[in-house]
Amino acid sequence: MNVHVLQHVPFEGPGSIADWCVANDHTMSMTHLYLPGAVLPDTDTVDLLVIMGGPMSVYDEEVHPWLAAEKEFIRAFLETERPILGICLGAQLLAVCSGASVGRAAQSEIGWFPLRPTAAAESFPWLYSLLVSGPVVFHWHGDRFEIPADGENLASTEANDNQAFVLHGGRVVALQFHPEVTPALLEQMVAEGRHELRAGKFVQSANTIIAEAAYRDAGMVMRGVLAHLEGVCAALARY
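Quick caveat: nothing in here was measured; it's all calculated off a predicted structure.

## Brief notes about the overall build of the protein
Here is step 1: Within the protein, the regular secondary structure consists of 7 helices and 10 strands.
Here is step 2: Here the C-alpha coordinates of the protein stretch approximately 50 × 40 × 35 Å along the principal axes.
Here is step 3: Taken across its 239 residues, the protein has 56% of its residues classed as buried.
Here is step 4: Sequence separation of at least 24 residues holds for 74% of the intrachain contacts in the protein that already meet a minimum separation of 6.
Here is step 5: On the protein, roughly 10,200 Å² of surface is accessible, and the fraction owed to carbon and sulfur atoms is 51%.

## Overview of the environment of His178
Here is step 1: One can find His178 in the loop between β10 (172–175) and α5 (183–193).
Here is step 2: A residue is classified by how much of its surface remains accessible, and His178, at 0% relative accessible area, is buried.
Here is step 3: Here the alpha-carbon distance between His178 and His139, two residues 39 residues apart in the chain, equals 5.8 Å.
Here is step 4: In this structure His178 touches Glu12, Ile87, Cys88, Phe138, His139, Trp140, Met189 and Ala218, once residues within four positions along its chain are discounted.
Here is step 5: Reaching out from His178, the side chain makes a polar contact with the side chain of Glu180 at a distance of 2.9 Å.

## Topic: the nonpolar core
Here is step 1: Membership of the largest hydrophobic core comes to 46 residues, with the highest contact counts inside it found for Ile17, Leu85 and Val225.
Here is step 2: At 7 residues, helix α7 (residues 215–237) tops the list of elements feeding residues into this core.
Here is step 3: Apart from residues no more than four positions distant in its own chain, Val225 is found in contact with Leu85, Trp126, Leu127, Leu130, Val173 and Leu175.
Here is step 4: Counting 30 residues, the second-largest nonpolar core is a separate cluster that includes Ile51, Phe77, Val96 and Val102.

## Some remarks on the pairing of strand β4 (residues 84–87)
Here is step 1: Alternating residues of β4 divide into Ile84 and Gly86 and Leu85 and Ile87, and every residue in both groups is buried.
Here is step 2: Where the polypeptide runs from strand β3 (residues 48–51) across helix α2 (residues 66–78) and back to β4, its parallel neighbour, the crossover connection is right-handed.
Here is step 3: Sheet topology places β4 next to β10; 4 bridges connect them, and they run parallel. Paired with Ile84 across the two strands is Val172, which belongs to β10.

Reading the values: rules and limits
- Residues numbered from 1 in each chain as written.
- Predicted model: local features only at pLDDT ≥ 70, side-chain atom pairs only at ≥ 80, totals over all residues.
- Heavy atoms only, no water.
- Helix = DSSP H or I, 4+ residues; strand = E, 2+ residues; numbered from the N terminus.
- Buried < 20%, exposed > 50% of the residue type's maximum accessible area, 1.4 Å probe, protein only.
- Contact = heavy atoms within 4.5 Å.
- Areas by Shrake-Rupley, 256 points an atom, 1.4 Å probe, with all protein chains shown as cover.
- Polar contact = N/O pair within 3.5 Å; in protein donor to acceptor, adjacent residues only side chain to side chain.
- Core = buried A, V, L, I, M, F, W, Y, C linked by side-chain atoms within 4.5 Å.
- Right-handed = clockwise from strand over helix to strand, strands pointing away.
- Pairing = 2+ DSSP bridges.

Any functional reading would require information that these geometric values do not contain.
Have a look at this one:
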């Protein structure tokens, strides 16, 4: 399986997704959209598309003109009926490309907070089993996506209600939080985003974020979601 990653900034890389690809003998290719001359792949060469996070807004096309081309690519890939995973900004891009809107969240959420499955999540046992224990995962966002008309909202937190949705029966998975974080990736994110760590009910300090060992829960959620999407790829390959 070729996993292709769209990366928006140097400090929000694939993290544990790369480790999972190595462990499962999948290849991983990347488009670093922030680099001059970045080229998006031919959709036919990609089995699983992963869209990473970033500090920009989905609407920042004047500042980041590559966002327009990226949105066109995502819409084209949605038509291929192959699986997609969007994380944070990636989830927001999936929402916008599927007809929903993105706006400011009621609360910025930066740090380790537990997820709660919605009632709708019970219809997706592969995800519900990952969420039912209330896993503590890492969040870093100030925006919030609306749920596309044909999507299901599957997770919430105390700070923000829309934390995950799926489309097309689970072939497309959008996660507002960051299950891909590793200790090394976390340190990069904190170093680059320390200016955003203003005291608040749902904003933790840099020391708390780095010292928190709960990324183990995030890894469990990440592996479970990737295993599901790997199964989607395998099912498609049978036809």
